[in-house]
Amino acid sequence: MNIYEALKKDHAHVLPQLKKLISLADDNADRGVKIELAQKVQHEIKLHNRAEEAVLYRSLRDLSAGAVLTEDRYQEHAHMEACLHALVSVTTLPMEWRDAALDLCTSFKTHVADEENRLFKAAQRLITNEEAEMMGEAFLSLKRELESMNNEILEENVVGLVADAMPERFRVPTSHI
C-alpha cells in the first residue's frame with residue numbers, strides 16, 4: 001500500500017468517529033461516554049499525525065519543491081490536537097465541548113480535502129511510485145510501533161523509528177536523532 005492509500009484509509013477510518021462526536025455533542029449523552037470517545041479519537045489522530053509528519057511531511061520538506069507543501073500542515077495538526085485536548089478535559093463546559101467537536105470536525109474535513117487533493121497531487125510529481133510504496137510501508141510500520149508504546153512517545157521525535165524503512169534519498173542518519 002502506498003503512502004497516499006494508507007493516509008486515505010486512515011482518514012476514512014476517523015471521519016465516522018468524528019461524526020459520532022458531533023452527534024454526542026448534540027444530545028445529552030453521559031459525559032464519560034463523550035470523553036471516552038474523544039480519548040479514542042485523540043489517540044488515533046495523534047498516531048496518524050506523528051507517523052504522517054515523520055514519513056510524508058518530513059520527506060516533502062527535504063525536497064526544495066516540496067517544502068512549501070507542508071508549511072501549514074503542522075499547524076493544522078496542532079489545531080486539531082488542541083480541539084481534542086478540550087474534548088478530553090473534564091473541565092470543558094458542554095457548550096465549549098460542542099464548539100470544540102464542531103471545530104475539530106470542520107478542521108479535519110478541510111485538512112483532509114486539501115491534503116488528498118492538492119498535497120497528494122503535488123507529492124506524486126516529486127515522489128516516485130517505488131518511494132511512495134516504501135513510504136506507505138514505513139507509515140504503517142511506524143503506526144504499529146507507536147501503538148505499542150505509551151502516549152509520551154507520541155510527543156517526541158519519531159523519525160528514528162522508520163529511518164531504515166524510508167527511501168534512500170529521504171533517510172535521516174539515526175546518529176542525528
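Because the structure is a prediction, the values reported are computed rather than measured.

Trainee: Can you break down the side chain of N2 residue by residue, with the values?
Mentor: Within the fold, N2 resides in the segment before α1 (3-25). A relative accessible area of 15% means that N2 is categorised as buried. Within the structure, the side chain of N2 is placed 2.8 Å from the backbone nitrogen of E5, a separation counted as a polar contact. Those residues in contact with N2 that lie beyond four places of it in its chain are A132, E133 and G136.

Trainee: Describe the environment of L21, listing the residues and the values that go with them.
Mentor: Its location among the elements puts L21 in helix α1. Residue class for L21 comes out buried when judged on its relative accessible area of 1%. Sequence-wise, L21 and V41 are 20 residues apart; in three dimensions their C-alpha atoms are separated by 9.0 Å.

Trainee: So what's going on with the packing of aromatic side chains? Which residues, and what values?
Mentor: One pass over the structure, following the stated rule, counts 2 aromatic pairs. On the numbers, 5.5 Å between centres and 75° between planes, the contact of Y57 with Y74 is edge-to-face. Pair noted here: Y57 is in helix α2 (residues 31-62) and Y74 is in helix α3 (residues 73-88), with a separation of 17 residues, a long-range link. A relative accessible area of 0% means that Y57 is categorised as buried. Owing to a relative accessible area of 26%, Y74 belongs among the partly exposed residues under this scheme. Between K34 and the ring centre of W97, over which it is positioned, the NZ or CZ distance is 5.2 Å.

Trainee: Please provide a residue-by-residue account of empty space enclosed by the protein, values included.
Mentor: Summed over all chains, the structure comprises 1 cavity of 30 Å³ or more. Estimates place the volume of the largest cavity at around 70 Å³. Looking at the lining of the largest cavity, the elements that each hand over two or more residues are α1, α2, α3 and α4 (94-126). Each residue belonging to the lining of the largest cavity can be placed in one class, and the counts come to 5 nonpolar, 5 polar and 1 charged.

Trainee: Let's hear about the nonpolar core: which residues, and what values?
Mentor: The nonpolar side chains of a soluble globular protein tend to be buried, and buried together. One finds I3, L56 and I127 to be the most contacted residues of the largest nonpolar core, which totals 23 residues. When residues of this core are traced back to their parent elements, those giving at least two are α1, α2, α4 and α5 (129-147). Per-element accounting of this core gives the leading share, 7 residues, to α2. V41, L84, L104 and F108 belong to the second-largest nonpolar core, a separate cluster that totals 22 residues.

Trainee: Give a detailed account of the pattern of salt bridges, specifying residues and quantitative values.
Mentor: A full pass over the atoms with the stated rule returns 7 salt bridges. A salt bridge links D62 to R58; its shortest N-O distance comes to 2.9 Å. Here R58 and D62 lie together in helix α2, a separation of 4 residues that amounts to about one turn. A salt bridge links R73 to E76; the shortest N-O distance between them is 3.6 Å. Placement of both R73 and E76 in helix α3 is noted, with a separation of 3 residues, approximately one turn of the helix. Classification of E76 by relative accessible area gives partly exposed; the value is 26%.

Calculation rules
- For every chain, the first residue of the written sequence is number 1, and numbering continues from 1 onward in sequence order.
- With pLDDT at 70 or above as the cut-off, local features in this predicted model cover only qualifying residues; side-chain atom pairs require 80 or more to be listed or tallied, and sums for whole chains, interfaces and linings still use all residues.
- Where side-chain values are given, they derive from all heavy atoms of the structure, hydrogens and water being excluded.
- Going along the chain from the N terminus, every DSSP run of H or I of four or more residues is numbered as a helix, and every run of E of two or more is numbered as a strand.
- Partly exposed residues are those whose accessible area sits between 20% and 50% of the maximum for their type, while under 20% is buried and over 50% is exposed, using a 1.4 Å probe and protein chains only.
- N or O atoms closer than or at 3.5 Å make up a polar contact, with two conditions inside protein: a donor-capable atom paired with an acceptor-capable one, and, for residues adjacent in sequence, both atoms drawn from side chains.
- For this analysis, residues touch if any pair of their heavy atoms sits within 4.5 Å.
- Aromatic rings from Phe, Tyr and Trp, with only the six-membered ring used for Trp, were paired whenever their centres fell within 6.5 Å, and each pair was classed as stacked if the ring planes differed by under 30 degrees, edge-to-face if by over 60, and tilted otherwise.
- Two conditions define a charge sitting above a ring: the NZ of Lys or the CZ of Arg must be within 6 Å of the ring centre, and it must be within 35 degrees of the ring normal.
- The rule is simple: put a 1 Å grid over the protein atoms alone, call a set of points where a 1.4 Å probe fits but cannot get out a cavity, call an open set with protein on both sides within 12 Å along at least five of seven lines a pocket, and count a residue as lining if it has an atom within 4 Å of a point.
- Grid points are joined across faces, edges and corners, and a volume is the space filled by probe spheres set on the points.
- In this classification, the charged set is Asp, Glu, Lys and Arg, the nonpolar set is Ala, Val, Leu, Ile, Met, Phe, Trp, Tyr, Cys and Pro, and all remaining amino acids, among them Gly, are polar.
- Joining through side-chain atoms within 4.5 Å is the link that ties buried Ala, Val, Leu, Ile, Met, Phe, Trp, Tyr and Cys residues into a set, and such a set is a nonpolar core.
- One speaks of a salt bridge when a side-chain nitrogen belonging to Lys or Arg is within 4 Å of a carboxyl oxygen belonging to Asp or Glu.

Function-wise, these values are silent; they only describe arrangement.
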